[in-house]
Amino acid sequence: MKNTLIYQLGDIAGLAQAQFQATYQHIDPVIGINTQLRKSGYAVDIMTIDCHVSKKRMTLLLEDAKPETAGYQFGRSDQDPSAHFEPIKISELTQQGFFDLMVKALVCAAE
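The shown structure was predicted, so the numbers you read here are calculated from the model rather than taken from an experiment.

Looking only at helices and strands, one finds three helices and five strands in the protein chain. Across the protein chain, helices and strands are ordered from the amino to the carboxyl terminus as α-β-α-β-β-β-β-α. Relative to the globule expectation of 13 Å for 111 residues, the C-alpha radius of gyration of the protein chain, 13 Å, shows essentially globular dimensions. Principal-axis analysis of the C-alpha atoms gives the protein chain an extent of 40 × 25 × 20 Å. A buried classification covers 37% of the 111 residues belonging to the protein chain.

As a further point, take the packing of helix α1 (residues 5-23) against helix α3 (residues 95-108). For any two helices packed against each other, one specifies the inter-axial angle together with the distance between the axes. It is at 8 Å that the axes of α1 and α3 come closest, and there the two elements cross at 60°. Classified by the interaxial angle, the pair formed by α1 and α3 is oblique. Handedness of the α1/α3 crossing: right-handed. Here L9, I12, A13, L15, A16, Q17, Q19, F20 and T23 of α1 lie close against α3, whose contacting residues are Q95, Q96, F98, F99, M102, V103, L106 and V107. A breakdown of the residues in the contact of α1 with α3 according to their chemical character gives twelve nonpolar, five polar and no charged.

Looking now at the side chain of T35. Relative to the assigned elements, T35 resides in the loop between β1 (29-34) and α2 (36-39). The residues contacting T35, other than those within four sequence positions of it, are I6, Y7 and D45.

Ordered by their spatial adjacency, five strands build an open sheet running β1-β2-β3-β4-β5, and the pairing between neighbours is antiparallel. The open sheet has two edge strands, β1 and β5 (86-89), and neither has a second partner. If you compare each strand with its neighbour and ignore which way they point, the axes differ by 25° on average. With six bridges joining them, β1 and strand β2 (residues 44-51) adopt antiparallel strand pairing. Paired with I31 across the strands is I49, a residue of β2.

This next bit is on α3. For α3, with 14 residues, the first-to-last C-alpha span of 18 Å sits near the 20 Å given by 1.5 Å per residue. For α3, every residue scored as buried is listed here: G97, F98, F99, L101, M102, V103, A105 and L106. Its buried side turned inward, α3 meets α1, β1, β2, β3 (56-63), β4 (69-76) and β5.

Our next topic: the packing of aromatic side chains. When we look at a pair of aromatic rings, we describe it by the centre distance and by the angle of the planes. For the coordinates displayed, the defined rule picks out three aromatic pairs. With a centroid separation of 4.9 Å and an interplanar angle of 35°, the aromatic rings of F20 and Y24 are classed as tilted. Ring plane angle 50° and centroid distance 5.4 Å describe the contact between Y72 and F74, whose orientation is recorded as tilted. Assessed through its relative accessible area of 17%, Y72 is described here as buried. Exposure remark for F74: the relative accessible area of 33% places this residue in the partly exposed category.

Calculation notes
- Residues numbered from 1 in each chain as written.
- Predicted model: local features only at pLDDT ≥ 70, side-chain atom pairs only at ≥ 80, totals over all residues.
- Heavy atoms only, no water.
- Helix = DSSP H or I, 4+ residues; strand = E, 2+ residues; numbered from the N terminus.
- Rg over C-alpha atoms; globule rule 2.2 N^0.38 Å.
- Buried < 20%, exposed > 50% of the residue type's maximum accessible area, 1.4 Å probe, protein only.
- Axes fitted to C-alpha atoms, helices over the stretch in contact; angles between N-to-C directions.
- Parallel < 35°, antiparallel > 145°, perpendicular 65-115°, else oblique.
- Left-handed = near helix turned anticlockwise from the far one by under 90°.
- Contact = heavy atoms within 4.5 Å.
- Nonpolar A, V, L, I, M, F, W, Y, C, P; charged D, E, K, R; others polar.
- Pairing = 2+ DSSP bridges.
- Expected span 1.5 Å × (residues − 1).
- Phe/Tyr/Trp six-rings, centres within 6.5 Å; stacked < 30°, edge-to-face > 60°.

So this is what it looks like as structure tokens:
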């Protein structure tokens, strides 16, 4: 199971996290992978990238029914996510793509 797309993207996000921390040393993003929905019968996986200090969060949703795209949203770890996710092509989720999303979610997102 470790070679599934969510874990491959997690490895890429980890590289972006190191790049991000070198630039924004005061923000320590934490990457989480959640496969509990899949274990409950839903064909989805979730990745979160959180800043525990500011409570800012980026959520990435991977649905088996949409293999070419993922959904993402910016929010807060202390609030329930909305049902709306912006689409992004899987091919855009490179190290630089994740870095750019982290900047938008954890640095630029409205308080």
